Amino acid sequence: MNKTQGNISPVLRFQGFSENWNIEKLGSFLSFKNGINADKEQYGSGYKFINVLDIIQNTYISHEKIIGSVNVDEKVFKKNEVVFGDILFQRSSEIREETGQSNVYLDEHIPATFGGFVIRGRSIRKYQPIYLNYLLKTWLARKEIVEKSGGSTRYNVGQKTLAAVNIYISANDTEQQKIANFLSSVDKKIKQLTEKQSLLQQYKKGIMQKLFAQEICFKGEQGNDFPDWEEKSLAEVLTPKIREVNKPSEKYLAIGIRSHMKGTFQKPGFDPDDIAMEKLFVLKENDLVVNITFAWEGAIAIVKPEDDGGLVSHRFPTYTFKKDQATHEFFRHIIMQKRFKYMLDVISPGGAGRNRVLSKKEFLKLKWTLPSVAEQNKIALFLGELDKKIDFTRQQIEQTKTFKKGLLQQMFV
């Protein structure tokens with residue numbers, strides 16, 4: 001930001017624009033109004049009703065995408081109408097940084113209404129709606145709104161608060177439009193990538209269902225059929241592996257397992273004084289490791305290369321794969337299956353939380369129908385390529401979001 005007395009302009013500008021930007025009050029562009037507070041019986045039918053969930057979505061608000069509805073008479077609706085170009089603000093939140101989040105309504109044909117946890121901003125002065133929507137998402141504008149929010153356990157912004165917010169804004173309609181168009185194209189790219197990722201994930205899910213139902217069969221290198229799949233107990237494909245060591249005297253790499261089959265996580269520099277046990281256990285790359293306390297909610301994983309040598313407690317039994325029976329590459333897809341999680345749940349008796357401990361004896365009795373190792377390798381290679389495409393698309397999404405964040409910092413004051 002270039003900001004000196006009488007000289008306010010963003011770092012990054014389109015060619016042909018050099019005029020200084022103005023410091024204005026948000027209230028000089030918008031008039032504000034609180035939304036409808038209806039009885040619970042009124043919700044679920046009637047007019048489309050904008051609430052907080054509609055504001056915090058990643059795309060603009062349109063009539064089609066509005067989640068809720070409210071049954072009010074036409075007079076109330078007209079008084080609380082939301083039309084093209086209106087800006088909607090989140091009135092309150094338990095998290096201060098979320099207070100006053102905003103979004104723009106961009107449906108030119110059908111109006112909507114809005115709820116009591118929302119404040120409507122309506123134009124009293126000309127501006128480009130999409131441009132103002134992006135401006136209000138910049139760090140400086142968000143900082144202004146958040147710092148002006150009040151409350152202790154729940155934070156709030158009001159109409160007067162929003163009206164007093166300072167914004168740095170281009171007075172040039174053409175510049176506003178160019179910025180809005182450019183950032184909209186970036187958002188369109190993010191949306192396309194997100195849809196691509198979703199389609200790839202759906203495709204993979206469908207393929208895996210067909211694979212495990214044996215509706216899709218792979219062939220050998222010479223076009224030959226692989227042997228029939230066989231049901232085997234985990235005891236036939238896994239070997240319990242105990243690598244007991246004394247608890248280190250200095251800080252060490254501890255490993256944990258996320259629930260819902262989301263893999264391992266690291267706790268580097270773990271203080272040995274924070275754990276009472278005197279014996280720990282070493283993990284090796286490609287081990288199968290289970291958290292017996294939370295196995296019922298999918299705390300099971302294949303050990304990643306970067307976790308090699310990390311330490312766990314006795315609550316994390318570890319297994320290696322018998323090479324002539326199963327591979328870790330294939331098995332990582334088995335543990336992602338809902339049915340496998342259900343099986344872990346069944347052998348974890350007790351109440352909720354830490355009272356539900358998996359039976360290691362019953363774990364090895366679990367059965368799964370497996371193809372030959374050669375077919376496992378073929379399937380794992382195919383699914384691995386899909387995973388690479390999904391991960392690459394995820395990286396593209398994150399990179400594009402980072403690019404957009406940088407643009408918001410440089411294209412606005």
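Before any of the text, the structure's been laid out above.
The shown structure was predicted, so the numbers you read here are calculated from the model rather than taken from an experiment. Think of each chain on its own: its residues are numbered from 1, step by step along the sequence as written. This being a predicted model, a pLDDT of at least 70 is required before a residue's local features are given, and a value of 80 or more before pairs of side-chain atoms are given or counted; all residues contribute to the totals for chains, interfaces and linings. Excluded from the side-chain calculations are hydrogens and water; all other atoms, namely the structure's heavy atoms, are used.

Asks: Looking at this structure, how should I read empty space enclosed by the protein?
Replies: The probe, sized like a water molecule, is rolled over the atoms to show the empty space still left. Any residue with an atom within 4 Å of a point lines the site, the site being either a cavity, points on a 1 Å grid over the protein atoms alone where a 1.4 Å probe fits but cannot get out, or a pocket, an open set with protein on both sides within 12 Å along at least 5 of 7 lines. Grid points are joined across faces, edges and corners, and a volume is the space filled by probe spheres set on the points. Evaluation of the coordinates by the stated rule reveals one cavity of 30 Å³ or more. A volume near 40 Å³ is recorded for the largest cavity. What lines the largest cavity is Leu135, Thr138, Leu140, Ala141, Asn166, Ile167, Tyr168, Phe412 and Val413. It is strand β15 (residues 166–169) that contributes the most residues to the lining of the largest cavity, three residues altogether. Three classes are used, and their members are as follows: Ala, Val, Leu, Ile, Met, Phe, Trp, Tyr, Cys and Pro are nonpolar, Asp, Glu, Lys and Arg are charged, and the others, Gly among them, are polar. Of the residues assigned to the lining of the largest cavity, the class counts are seven nonpolar, two polar and no charged. Under the DSSP-based scheme used, a helix requires at least four consecutive residues in state H or I and a strand at least two consecutive residues in state E, with every element numbered from the N terminus.

Asks: I would appreciate a short explanation of helix α6 (residues 173–212) in the present structure.
Replies: The α-helix winds at 3.6 residues per turn, so residues separated by three or four positions along the chain end up facing the same way. How far a helix is expected to stretch is found by multiplying one less than its residue total by 1.5 Å. Here α6 spans 58 Å end to end across 40 residues, near enough to the 58 Å set by a 1.5 Å rise per residue. Counted as a polar contact is a pair of N or O atoms within 3.5 Å, where, for protein atoms, one must be capable of donating a hydrogen and the other of accepting one, and residues adjacent in sequence contribute only when both atoms are in side chains. Where α6 begins, the capping side chain belongs to Asn172, and its oxygen is found 2.9 Å from the backbone nitrogen of Thr174. In the stretch just after α6, Gln214 is the one whose phi turns positive, near 60 degrees.

Asks: Quick question: what am I supposed to make of the packing of α6 against helix α11 (residues 373–411) here?
Replies: When two helices pack together, you describe them by how their axes are tilted relative to each other and by the distance separating the axes. To obtain an axis, a line is fitted to C-alpha atoms, over the contacting stretch when the element is a helix, and the angle between two such axes runs from 0 to 180 degrees between their N-to-C directions. At a minimum axis separation of 10 Å, α6 and α11 run at an interaxial angle of 165 degrees. Judged by the angle between their axes, α6 and α11 are roughly antiparallel. Here the hand of the crossing between α6 and α11 comes out left-handed. Among the residues forming the contact of α6 with α11, the class breakdown is 21 nonpolar, six polar and nine charged. Roughly parallel refers to an angle under 35 degrees, roughly antiparallel to one over 145, roughly perpendicular to one between 65 and 115, and oblique to any angle outside these ranges. A crossing counts as left-handed when the near helix is turned anticlockwise from the far one by less than a right angle, and as right-handed when that turn is clockwise.

Asks: I'm lost on the environment of Met261 in this one. Help?
Replies: Relative to the elements of secondary structure, Met261 occurs in the loop between β19 (252–257) and β20 (264–270). Owing to a relative accessible area of 15%, Met261 belongs among the buried residues under this scheme. As for Met261 and Met336, which are separated by 75 residues in sequence, their C-alpha atoms are 6.0 Å apart. Non-local contacts of Met261, meaning those with residues more than four positions away in its chain, are made with Gly298, Ile300, Ile335, Met336 and Lys341. Only protein chains enter the calculation, and the probe is 1.4 Å; a residue is then buried if its accessible area is under 20% of its type maximum, exposed if over 50%, and partly exposed in between. Throughout, a contact is declared for two residues whenever any of their heavy atoms are within 4.5 Å.

Fair warning: the whole summary comes from geometry, so function is off the table for now.
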